[in-house]
Amino acid sequence: MSNVTLKKVSNKKELKEFVTFPFKIYQGSKYWVPPLIAEEMTTFNQDKNPVFENAEAQLFLAYKNGEVVGRIAALINWIEINEQQIKRMRFGWMDFIDDLEVSKALLDQAEEIGRENNLDFIEGPLGFSNLDKAGALTFGYDHIGTMATWYNHPYYIEHFGKLGYLEEKEYVESKFKLESLINSRFLKAYNAIVTRYGYKPRNFYKTKEIIPHIDDMFALLDRSFGDLPSYVPISAKERTYLKKKFINFVNPEYIKFVFDKDERLIAFGVALPSFSKALQEINGKLWPLGFLKLLKAKKETETLLLYLIGVDPEYQNKAAHAVVFHEFYQTFKIKGVVNCIRLPELANNTAEQQIWKDSGSEVIKRRKTFKKSL
């Protein structure tokens, strides 16, 4: 008989326990980056997060000897299931002590929900959509995490295997020095590319200058990634929510847009300052001084995260991405950026890897999702 009991999160107090459980098992870690507690709470607030218009989440805490020893979010995205015919049960926000009885109880619960909804398979760790975190770390445990990724102990991977989960998707994160781009192709060919295609790059210096273009950016994101089998379109309300969520973390100078000769947005890039050290210092709390530490990190950083790049399919073979990279390089150089980190990219995305082939990138982390038939 199992000594583990599960409890479905049903109130704010339990949600707080769910959100803060990782603070317990990663206490003292040099590499785990705490999330902002208030933001995590909002993520699962059905009155505030519009993702719940087309998705649902059931959160569970695992207890052993009266203590919380694990957590899991069982997620269903109904757009994915009903419109894309991908009958996937998602699981994410999963953390647990090194006890197979605990991890089994958590995954058994998520699997049961999947079967109740006639889904074909379960996969994770995943969030609600492509803009959420994805994948469990399988390599690079001695590199500090980022605000855009999950961290986990190595034993997580062993547990997935023992419980019948198979490796599904692999993502890689890479790091390179800004100076290594000096002789890159896109810098050398920039003038010729802009002249040939009539591209119009645009830089921004104030947040209010970006706002009018945000909806076009999300529409371009859908066009850029719409052909990927795992991509779920973002609703208008979700766009508004994401704008509010990320606007305080984005330096307008680190957003680059490229327009064609008819002033149509055809490429964009978003880079974020590395908030990792600041987030470790404030330990999940914005007040009283956390906000100031994040503001300082936003203005003064030697490391930038290449968060998101989108190119209209019509221009993906016309070097539009090279214009984005050129504009990034010019700004990064002025700002004194030393290191750039490419956030998770699918390992089998050879086109993406080819773009960066002369950047001197080094793979510093690998992460995978794990899948099991239901």
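Preceding block: the structure.
Presented here is a report on the structure given in the accompanying data block. Sequence order as written defines the numbering, with residues in each chain counted from 1. Two thresholds apply to this predicted model, a pLDDT of at least 70 for residue-level local features and 80 or more for giving and counting side-chain atom pairs, whereas whole-chain, interface and lining totals are computed over all residues. As a convention, hydrogens and water are excluded, and side-chain values are obtained from all of the structure's heavy atoms.

1. Focus on the overall build of the protein
Filter applied, for reference: Secondary structure is summarised from DSSP: a helix means a run of H or I of at least four residues, a strand means a run of E of at least two, and numbering begins at the N terminus for each. Here the globule rule is a power law, 2.2 Å times the number of residues to the power 0.38, and the radius of gyration is based on C-alpha atoms. Exposure categories follow from relative accessible area, calculated using a 1.4 Å probe and restricted to protein chains: below 20% of the type maximum is buried, above 50% is exposed, and the middle band is partly exposed.
A tally of helices and strands in the protein yields 14 helices and 13 strands. Whereas a compact globule of 374 residues would reach a radius of gyration of roughly 21 Å, the protein reaches 21 Å, a difference of no more than 12%. Overall, the C-alpha framework of the protein stretches about 70 × 45 × 35 Å when taken along its three principal axes. For the protein, with 374 residues in total, the buried portion stands at 53%.

2. Topic: helix α1 (residues 12-25)
In plain terms, the rule: Given a residue, its bend is the angle between the two axes fitted to the seven residues that end at it and to the seven that start from it. We call two residues in contact whenever any of their non-hydrogen atoms come within 4.5 Å of each other. By the criterion applied in these results, polar contacts are pairs of N or O atoms within 3.5 Å in which, for protein atoms, one can donate a hydrogen and the other can accept it, and in which residues neighboring in sequence qualify only through two side-chain atoms.
The sharpest bend along α1 reaches about 35° and sits at Val19, with the proline Pro22 one to four residues further on. Of the residues making up α1, those classed as buried are Glu14, Leu15, Phe18, Val19, Phe21, Pro22, Phe23 and Ile25. Turning to α1, the residues buried within the fold contact β1 (5-8), α2 (37-43), β2 (55-64), β3 (67-77), β4 (88-96) and α5 (155-162). The opening residue of α1 is Asn11, an N-cap whose side-chain oxygen sits 3.2 Å from the backbone nitrogen of Lys13.

3. Considerations on the pairing of β4
The condition that has to hold: Between any two strands, at least two bridges found by DSSP are needed for them to pair. Assignment of crossover handedness uses the view with strands pointing away from the viewer, where a clockwise path from the first strand over the helix to the second indicates a right-handed crossover.
By the criterion of burial, β4 is predominantly enclosed, with nine of the nine residues buried. In terms of strand pairing, β3 meets β4 through five bridges, oriented antiparallel. For Leu75, the partnering residue across the bridge sits in β4 and is Arg90. As paired strands, β4 and strand β5 (residues 121-124) are joined by three bridges and run parallel to one another. Its bridge partner being in β5, Met89 is matched across the sheet by Ile122. With respect to chirality, the unit in which β4 leads through helix α4 (residues 100-116) into the neighbouring parallel β5 is right-handed.

4. So, the nonpolar core
Put simply, the rule is: Each nonpolar core is a collection of buried residues, namely Ala, Val, Leu, Ile, Met, Phe, Trp, Tyr and Cys, held together in the definition by side-chain atoms within 4.5 Å.
Core analysis: the biggest nonpolar cluster contains 55 residues, and Phe18, Phe128 and Phe160 have the highest contact counts within it. Elements supplying a minimum of two residues to this core: α1, α2, β2, β3, β4, α4, β6 (136-139) and α5. Setting aside its immediate chain neighbours within four residues, Phe128 contacts Thr43, Phe44, Val51, Phe52, Ala55, Glu56, Ala57, Leu75, Asn77, Arg90 and Trp93.

5. Here's the deal with the pairing of β5
Side chains Phe121 and Glu123 project from β5 onto one buried face, and the interleaved Ile122 and Gly124 project onto a second face that is buried too. Pairing geometry for β5 and strand β13 (residues 362-373), over four bridges, is antiparallel. Residue Phe121 lies in a different strand from β13, and its bridge partner there is Ser373.

6. A short note on the environment of Gly336
Mapped onto the fold, Gly336 is located in the loop between α13 (320-335) and β12 (339-346). We classify Gly336 as partly exposed; its relative accessible area is 37%. Along the backbone, Gly336 and Ala236 are 100 residues apart, and their C-alpha atoms lie at a distance of 36 Å.

7. Structural notes on the environment of Asp215
Structurally, Asp215 is set in helix α9 (residues 214-225). Residue classification places Asp215 among the partly exposed residues on the basis of a relative accessible area of 39%. With near-sequence residues (within four places) excluded, Asp215 lies in contact with Arg239 and Lys243.

8. Regarding unusual backbone geometry
Note the cis peptide between Gly124 and Pro125, where omega equals 0°. For Pro125, the location among the structural elements is in the loop between β5 and β6. Across the junction of Trp287 and Pro288, the peptide omega takes the value 10°, indicating a cis bond. Look at Asn118: it is not a glycine, yet its phi comes out positive at around 55°. Position of Asn118 among the secondary structure elements: in the loop between α4 and β5.

9. Digging into α13
What counts, and what does not: What a helix is expected to span follows from its residue count: subtract one and scale by 1.5 Å.
Here α13 contains 16 residues, and its C-alpha end-to-end distance of 23 Å stays within 8% of the 22 Å for a straight helix at 1.5 Å per residue. Within α13, burial applies to Ala320, Ala322, Val323, Val324, Phe325, His326, Glu327, Phe328, Tyr329, Thr331 and Phe332. Following α13 by one or two positions, Gly336 adopts a phi angle in the positive range, close to 80°.

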